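So the chains spell out like this:
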Amino acid sequence: MKSKCLGGPQRGFTLIELLVVLVILGLLASLAGPKVIGYLGGAKSDSAKLQIEEFGASLDLFKLETGRYPTSQEGLQALVQAPSGLAGWNGPYLKKKTVPKDPWGNDYRYASPGQHGLYDLSSLGADNREGGEGENKDLTSW
């Protein structure tokens, strides 16, 4: 029976090879990271636009059944809970029993009558301030 020599050829990676791989992975992450973050940010804006459209459909149904849009004082809460003394309310008009916040965790802004139409509905974007570019851009119903 032959014994195997412990000093024979060994297989594995050298420290230099591991460092080269780590440098390459770091370069790839630095190039791809901003793109991925940009896609995630754009997804929040797209989600807010879709929510505003859903609110618009719910507000139109509210008006169809009650004869008016919710007042600014009643706000979007009127879509999930009947305002006192309002005839014809047949809600809730949203799928969930609560009014959702925008993708950044802020309340949507609602005014009726609006300056741009029968109602104005908007989100102030990621910075929650008027104006802005990119993710901070305001998203509106008009």
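Please refer to the structure higher up on the page.
This write-up is about the structure you can find in this document. Only a predicted model underlies this, so the values are computations on that prediction, with no experimental measurement involved.

This part takes up the environment of Lys49. With respect to the secondary-structure elements, Lys49 resides in helix H1 (residues 15–66). Given the relative accessible area of 43%, Lys49 is considered partly exposed. Through-space distance from the C-alpha of Lys49 to that of Thr140 is 7.7 Å; in sequence the pair is 91 residues apart.

What follows is about the side chain of Ser123. Locating Ser123 in the fold gives a position in strand S2 (residues 120–123). Polar side-chain contacts of Ser123 include one of 2.8 Å to the side chain of Asp102. Not counting chain neighbours up to four residues away, the residues in contact with Ser123 comprise Ile52, Asp102, Trp104, Tyr108, Asp138 and Leu139.

Below, the discussion takes up the layout of surface pockets. Empty space within the largest pocket amounts to approximately 230 Å³. Lining the largest pocket are 15 residues, with Arg109, His116, Asp120, Ser122 and Trp142 positioned closest to its centre. Listing elements by their share of the lining of the largest pocket, those giving two or more residues are strand S1 (109–111) and S2. Looking at side-chain class alone, the lining of the largest pocket contains six nonpolar, five polar and four charged residues. Estimated volume of the second largest pocket: approximately 160 Å³. If you trace the second largest pocket, you find it lined by Gln51, Glu54, Phe55, Leu94, Lys95, Lys96, Thr98 and Pro100. Considered class by class, the residues forming the lining of the second largest pocket number three nonpolar, two polar and three charged.

Conventions adopted
Residues numbered from 1 in each chain as written. Predicted model: local features only at pLDDT ≥ 70, side-chain atom pairs only at ≥ 80, totals over all residues. Heavy atoms only, no water. Helix = DSSP H or I, 4+ residues; strand = E, 2+ residues; numbered from the N terminus. Buried < 20%, exposed > 50% of the residue type's maximum accessible area, 1.4 Å probe, protein only. Polar contact = N/O pair within 3.5 Å; in protein donor to acceptor, adjacent residues only side chain to side chain. Contact = heavy atoms within 4.5 Å. 1 Å grid on protein atoms, 1.4 Å probe; cavity = no way out; pocket = protein on both sides within 12 Å on 5 of 7 lines; lining within 4 Å. Points joined across faces, edges and corners; volume = space filled by probe spheres on them. Nonpolar A, V, L, I, M, F, W, Y, C, P; charged D, E, K, R; others polar.

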